[in-house]
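Examining the three-dimensional arrangement
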Amino acid sequence: MSLAADLKTIYHLALHPVRGNTHAERLESFYGGQAASYDAFRRRLLQGREALYAGIDVPSGAVWIEMGGGTGNNLEYLGTRIGQLSRAYIVDLAPSLLAQARSRIAEHGWTNVVAVEADATQFIPDEGQADVVTFSYALTMIPDWFAALEQAARVLRPGGQIAVVDFYVARKHVAEQRRRHGWWTRSFWPAWFALDNVFLSADHLPFLLAHFEPVQVGESVAKVPYVPWGRVPYYTFIGRKR
């Protein structure tokens, strides 16, 4: 990726005003000018995705929903396993990102993948239920993220899998086995990301742990491009519907 493309993306991340009266309008305002360079820049920022998708069991004939799936880049982490799916849905509210997703679908010849402009808090697949629901750096951009997780629980079959990777901060007082974050981390990163309407939460992991049977949970930090000291926390979660 060229420096010019990086600078364009950084401009939209840090300086371009986000406008719109609805969540969908604000998303398109934010992503419209950077959709073409979206994936290349975020491969360096959005860590944990490849390992998360490698850890998901892909049943033969499964229905997969990628909530807030954007350009569809994450499905590439499935490799040849994508052929095991009967249908995969890339669900997003940003037309510019979905246009990139449709180009990717055509390029790969994914006849079992469809891009859908829809709200993650309301989307129901044509099949009525799904075997896998994923959120990759999407919950922090969904205002009613808890409603999106509740909708995922509704559409999942019993025993179905949910997988989430996203930025977060820990609660001030955490369970013994969970990672602790200092005051600076808990204060700075939410303020930094909120400038782009990305809202880091201390409640994602506790909510997931309370509503799904955990299979795999991880907590780590990612480097922030062009910010030498920047180490932002992220988590991974794979669980099953009880």
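Let me sum up the structure you'll find in this document. (Residues numbered from 1 in each chain as written. Predicted model: local features only at pLDDT ≥ 70, side-chain atom pairs only at ≥ 80, totals over all residues. Heavy atoms only, no water.)

In this section: helix 5 (residues 95-108). A rise of 1.5 Å per residue sets the reference length of helix 5, with its 14 residues, at 20 Å; its end C-alpha atoms lie 20 Å apart and thus fit the reference within 8%. What helix 5 keeps buried is the set Ser96, Leu97, Leu98, Ala101, Arg104 and Ile105. Within two residues after helix 5, Gly109 carries a phi angle of roughly 70 degrees, on the positive side. (Helix = DSSP H or I, 4+ residues; strand = E, 2+ residues; numbered from the N terminus. Expected span 1.5 Å × (residues − 1). Buried < 20%, exposed > 50% of the residue type's maximum accessible area, 1.4 Å probe, protein only.)

Within the element layout of this structure, Tyr77 appears in the loop between strand 1 (62-67) and strand 2 (85-92). Separated by 25 residues in sequence, Tyr77 and Leu52 place their C-alpha atoms 9.1 Å apart. When sequence neighbours within four positions are dropped, the list of residues in contact with Tyr77 reads Arg49, Glu50 and Tyr53. Of note is the side chain of Tyr77, whose polar atom sits 3.3 Å from the side chain of Arg49. (Contact = heavy atoms within 4.5 Å. Polar contact = N/O pair within 3.5 Å; in protein donor to acceptor, adjacent residues only side chain to side chain.)

The next subject is the pattern of salt bridges. A full pass over the atoms with the stated rule returns four salt bridges. In this structure, Arg157 engages Asp131 in a salt bridge whose closest nitrogen and oxygen atoms are separated by 3.3 Å. With a gap of 26 residues between them, Arg157 in strand 5 (residues 156-167) and Asp131 in strand 4 (residues 130-136) connect regions that are remote in the sequence. A salt bridge links Glu219 to Arg178; the shortest N-O distance between them is 2.8 Å. With a gap of 41 residues between them, Glu219 in strand 6 (residues 213-224) and Arg178 in the loop between strand 5 and helix 7 (183-194) connect regions that are remote in the sequence. (Salt bridge = Lys/Arg side-chain N within 4 Å of Asp/Glu carboxyl O.)

The strand order across the open sheet formed by seven strands is 3-2-1-4-5-7-6, and the pairing between neighbours is mixed. At either margin of the open sheet sits one strand with a lone partner, and together these are strand 3 (113-117) and strand 6. In this sheet, neighbouring strand axes are inclined to one another by 15 degrees on average, regardless of whether the strands run parallel or antiparallel. Each of strand 2 and strand 3 is contacted by helix 5, which is oriented at about 170 degrees to strand 3, the strand it contacts most. (Pairing = 2+ DSSP bridges. Axes fitted to C-alpha atoms, helices over the stretch in contact; angles between N-to-C directions.)

Our focus in this paragraph is the side chain of Gln161. If you trace the backbone, Gln161 turns up in strand 5. Exposure remark for Gln161: the relative accessible area of 4% places this residue in the buried category. In this structure the side chain of Gln161 is engaged in a polar contact, spanning 2.5 Å, whose partner is the backbone oxygen of Asp57. Every residue in contact with Gln161, bar those within four places of it in the chain, is listed here: Ile56, Asp57, Pro59, Asp131, Val132, Val133, Leu156, Ile238, Gly239 and Arg240.

Pairing analysis gives five bridges linking strand 2 to strand 3, with the strands arranged parallel. Note that in strand 3 the partner of Val91 across the bridge is Val116. Each parallel crossover has a hand, and for strand 2 linked through helix 5 to strand 3 it is right-handed. (Right-handed = clockwise from strand over helix to strand, strands pointing away.)

In this section: the nonpolar core. Core analysis: the largest hydrophobic core is formed by 38 residues, its most contacted members being Trp64, Leu75 and Phe167. Not counting residues up to four positions away in its chain, the partners in contact with Phe167 are Leu45, Leu46, Tyr137, Thr140, Phe193, Leu200, His204, Val232, Pro233, Tyr234 and Tyr235. Core analysis: the second largest hydrophobic core is formed by 29 residues, Leu149, Ala152, Phe207 and Phe212 among them. (Core = buried A, V, L, I, M, F, W, Y, C linked by side-chain atoms within 4.5 Å.)

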